[in-house]
Amino acid sequence: MAIASPSAPSFSASFCCNRTDSTRLVRFSALRYHRNRITARLNSSTPSNGFVSPDNSDLQYELQHGVSLSHQHRRKGSPVFVKLPEDAVSAAGQMMRRKAMAQAFRALGAAGVEGVVMEVWWGLVEREAPGVYNWQGYAEIVSLARRCGLKVRVVMAFHQCGTGPGDPFWLVRKKKNMEYISLGCDILPVLHGRSPIQAYTDFMRNFRDTFRPFLGGIITGIQVGMGPAGELRYPSCPSQKLTWAWRFRELGEFQCYDKYMLASLNACAREVGMREWGNGGPIGAGNLMQDPENTDFFKTDGLWNTPYGEFFLKWYSGMLLLHGERICSETETIFRGTEVNTSGKVAAIPWHYGTQSHPSELTAGYYNTSIRDGYVPIIRMFGRYGFTLCCMCFEMQDANEQQMNPSSSPEGFLRQLLVAARNCDIPMEGENSAASLDDESFQQVLKMSKFYLEGLDTPTFSFTFVRMDKNLFEYRNWVNFTRFVRQMLDTNHIFRAKLDFGGDIYPSSTSIADVGTILAY
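Residues numbered from 1 in each chain as written. Predicted model: local features only at pLDDT ≥ 70, side-chain atom pairs only at ≥ 80, totals over all residues. Heavy atoms only, no water.

For the protein chain, the name recorded in an unreviewed UniProt entry is Beta-amylase, with Actinidia rufa as its organism. What UniProt states about the protein chain under its Catalytic activity (unreviewed entry) heading is, verbatim, "Hydrolysis of (1->4)-alpha-D-glucosidic linkages in polysaccharides so as to remove successive maltose units from the non-reducing ends of the chains." UniProt annotates the protein chain under Sequence similarities (unreviewed entry) with the comment "Belongs to the glycosyl hydrolase 14 family." (UniProt positions renumbered as here; feature names shortened; annotations may be inferred.)

Structure representation (structure tokens):
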């Protein structure tokens, strides 16, 4: 990994980012100055040419000698993280808009945010050749976070990559899906002599060896991608359509038509003596937009609740569970002893939660119906490997969603998941599904986090805001967000970042307006 040594920007000493649990004093003039400078820089698409660190030799020393020069801190309550923009690292492997990113990190640190979440894209890091990894842009982000007193959580993003000809992707009724490699070939050597699981494992092992000095200190969490959008699910509904599908009740499509999945299905059908059950996906599952009650498979008294439906759905969800088991096992082995928390993500697909069959959950691989809990097996699997459970839709409310889709119940879905996590003693990481910055959405997050934490002796909840953009730093949004961060901390530890203009945490409306263009991507 090549490390460049650019000329470094200088920062005011009054904007120090080595945070402690004590009350901070942040000079308002420095805050306004830095926010103004971010405005123009984040409007630029120019990548950085090196690390943000004023002394780049520190990073080289840390990587070569296995030490971290940063100070660790521990905070009470439920910490808040902020997910970085998807293009935080360019296609060339360099951190984008590094000076502006530095100012944004400092603003987050001043607000009491615990850290940032960065997606590490397999398709960027290993793009040159199999086994050749370029971590430079991500090392820059870790170095910057360290200097700003922020922690880092890393998402191993194995989705939407490997688009070369002949790669083994999903077939949905003869249409190729490029979001994620078919889990039917998890252990088959389809990637230049390696299986997908081997490729994921090699990637994670190289990451561990490269960033070992930061593991457990600066890098505190590893979320492992297990499917489309990083979630343990089938690509039953393309990720770019999920919001649209939510509103318009898309059923999704079963993902069992590539040769690898068909071979597995056929073998299982032969084992139970029903060869005719192994010829493909369920007949009568309808089209994407059909009313479930007008389909033979999903209607209330449909095939889903017959011996055939039970056979197919157990096989289908079992293949997904096996895929998750393989990845969890490899991940636990690789990061054992590094003191980083590992996690996996489950999709929030509740737009048919009010029906008997829950069709959109079934096509995604969750055998969850009105008479069966499909999430407990996944949560127990996570528990066996010490994983934390991550899920979105913490800000969603039934009252709002049911105005457009009466069958939708994000709150009902989330309560089911949280109860299962509590019963299995699994920590939770929450996320928002849409970048809602109004106070009502933040209060809903607090409500659902309290539902999970009520009565627990050791609070084990954190929240990631998705994601950092220009809207976050607009005055009213910033006011709501910083208030939310403080409320997530426990009542005995109220964080206040006092400013020199009168003791309030919020700058004037004039200065905060300057922040509105900080992250204009």
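There's more to say after this.
### Regarding the overall build of the protein chain
Along the protein chain, the regular secondary structure elements total 16 helices and twelve strands. For the protein chain, restricting intrachain contacts to residue pairs at least 6 apart in sequence, the fraction spanning at least 24 positions comes to 77%. Surface summary for the protein chain: the accessible area is close to 20,400 Å², and the carbon and sulfur share equals 49%. (Helix = DSSP H or I, 4+ residues; strand = E, 2+ residues; numbered from the N terminus. Contact = heavy atoms within 4.5 Å. Areas by Shrake-Rupley, 256 points an atom, 1.4 Å probe, with all protein chains shown as cover.)

### Notes on the packing of helix 14 (residues 439–453) against helix 15 (residues 475–488)
For the pair helix 14 and helix 15, interaxial distance at closest approach is 10 Å and the crossing angle is 15°. Judged on the interaxial angle alone, helix 15 and helix 14 are roughly parallel. Of the two elements, helix 14 crosses helix 15, and the hand of that crossing is right-handed. Along the contact surface, helix 14 presents Asp439, Phe442, Gln443, Val445, Leu446 and Ser449, while helix 15 presents Asn480, Phe481, Arg483, Phe484, Gln487 and Met488. Of the residues contributing to the contact of helix 14 with helix 15, the split by class is six nonpolar, four polar and two charged. (Axes fitted to C-alpha atoms, helices over the stretch in contact; angles between N-to-C directions. Parallel < 35°, antiparallel > 145°, perpendicular 65-115°, else oblique. Left-handed = near helix turned anticlockwise from the far one by under 90°. Nonpolar A, V, L, I, M, F, W, Y, C, P; charged D, E, K, R; others polar.)

### Overview of the UniProt feature "active site" (unreviewed entry) in the protein chain
Here the UniProt feature "active site" (unreviewed entry) sits at Glu231 and Glu431. On the basis of their most widely separated C-alpha atoms, the annotated residues across 201 residues gather in one place, lying no more than 12.5 Å apart. Tracing the sequence through the fold places glutamate 231 in the loop between strand 7 (219–224) and helix 7 (242–248). Checked against the element boundaries, glutamate 431 lands in strand 10 (residues 428–431).

### Remarks on the pattern of salt bridges
For the coordinates displayed, the defined rule picks out 19 salt bridges. Ionic pairing is found between arginine 208 and aspartate 209, a salt bridge with its closest N-O pair at 3.0 Å. On the accessibility criterion, aspartate 209 (41% relative accessible area) is partly exposed. Here aspartate 439 makes a salt bridge to arginine 483, at a shortest N to O gap of 3.5 Å. With a gap of 44 residues between them, aspartate 439 in helix 14 and arginine 483 in helix 15 connect regions that are remote in the sequence. Among the residues examined, aspartate 439 registers a relative accessible area of 32% and is labelled partly exposed. (Salt bridge = Lys/Arg side-chain N within 4 Å of Asp/Glu carboxyl O. Buried < 20%, exposed > 50% of the residue type's maximum accessible area, 1.4 Å probe, protein only.)

### Some words on helix 13 (residues 410–423)
Compared with an ideal rise of 1.5 Å per residue, which puts 14 residues at 20 Å, helix 13 spans 20 Å between its outermost C-alpha atoms and is within 8% of the ideal. Counting buried residues along helix 13, ten of its 14 residues qualify, which places the element largely inside the surrounding structure. Among the residues making up helix 13, those that are buried are Pro410, Glu411, Gly412, Phe413, Leu414, Gln416, Leu417, Leu418, Ala420 and Ala421. Within two residues after helix 13, aspartate 425 carries a phi angle of roughly 60°, on the positive side. (Expected span 1.5 Å × (residues − 1).)

### Here we look at helix 8 (residues 259–271)
Taking 1.5 Å as the rise per residue, helix 8 with 13 residues should run 18 Å; its terminal C-alpha atoms sit 18 Å apart, in good agreement. Along helix 8, the residues that are buried comprise Tyr260, Met261, Ser264, Leu265 and Ala269. For helix 8, the angular spread of buried residues about the axis comes to 170°, placing them on one side. Two or three places before tyrosine 260, at the opening of helix 8, aspartate 258 has a side-chain oxygen 2.9 Å from that residue's backbone nitrogen. A positive phi of about 75° marks glycine 273, the residue just after helix 8. (Arc of directions from axis to C-beta. Polar contact = N/O pair within 3.5 Å; in protein donor to acceptor, adjacent residues only side chain to side chain.)

### A closer look at unusual backbone geometry
A cis amide bond, omega -10°, links valine 466 with the succeeding residue arginine 467. The phi torsion at histidine 358 lies on the positive side, around 50°, for a residue other than glycine. Within the element layout of this structure, histidine 358 appears in the loop between strand 8 (341–346) and helix 10 (359–364).

### Re the packing of aromatic side chains
For the structure shown, the criterion picks out 35 aromatic pairs. Seen from their ring centres, tryptophan 122 and phenylalanine 158 are 5.9 Å apart, and the 80° between their planes marks the pair as edge-to-face. With tryptophan 122 in helix 4 (residues 122–125) and phenylalanine 158 in the loop between strand 4 (151–157) and strand 5 (169–172), the pair connects residues that are 36 residues apart, well separated along the chain. Of the residues examined, phenylalanine 158 reaches a relative accessible area of 1% and is grouped as buried. Grouped by ring-pair contacts, the aromatic residues Tyr234, Phe254, Trp277, Phe297, Phe298, Tyr308, Phe311, Phe312, Trp315 and Tyr316 constitute a single cluster. Sitting above the plane of the phenylalanine 81 ring, arginine 153 keeps its charged end 3.9 Å from the centroid. The cationic tip of arginine 415 hangs over the ring face of phenylalanine 451; the distance from NZ or CZ to the ring centre is 5.9 Å. (Phe/Tyr/Trp six-rings, centres within 6.5 Å; stacked < 30°, edge-to-face > 60°. Lys NZ or Arg CZ within 6 Å of the ring centre and 35° of its normal.)

### As for the environment of threonine 300
Position of threonine 300 among the secondary structure elements: in the loop between helix 8 and helix 9 (307–335). Owing to a relative accessible area of 42%, threonine 300 belongs among the partly exposed residues under this scheme. Counting along the chain gives 58 residues from threonine 300 to histidine 358, while the straight-line C-alpha distance between them is 9.9 Å. Residues in contact with threonine 300, not counting those within four places in the same chain, are Glu293 and Gln356.

### As for the sheet that holds strand 8
Adjacent strands of a sheet pair through backbone hydrogen bonds, lying either parallel or antiparallel. Strands sit in the order 2-3-4-7-8-9-10-11 around a closed barrel of eight strands; the barrel is parallel. Adjacent strand axes in the sheet meet at a mean angle of 30° when their direction is disregarded. Strand direction decides the pairing type here: strand 8 and strand 9 (residues 387–391), joined by five bridges, are parallel. What sits directly across from glycine 344, in strand 9, is leucine 389. Against the sheet, helix 14 engages strand 10 and strand 11 (461–465), with an angle of about 155° to strand 11. (Pairing = 2+ DSSP bridges.)

### Notes on the pairing of strand 11
Burial analysis of strand 11 places five of its five residues in the buried class, the great majority of the element. Along strand 11, one buried face is formed by Phe461, Phe463 and Phe465 and the opposite face, lined by Ser462 and Thr464, is buried too. Direction of pairing for strand 2 (residues 80–83) relative to strand 11: parallel, over a ladder of three bridges. Each residue of the ladder has a partner; that of valine 80, found in strand 11, is phenylalanine 463. As paired strands, strand 10 and strand 11 are joined by four bridges and run parallel to one another. Note that in strand 11 the partner of glycine 430 across the bridge is phenylalanine 463. Each parallel crossover has a hand, and for strand 10 linked through helix 14 to strand 11 it is right-handed. (Right-handed = clockwise from strand over helix to strand, strands pointing away.)

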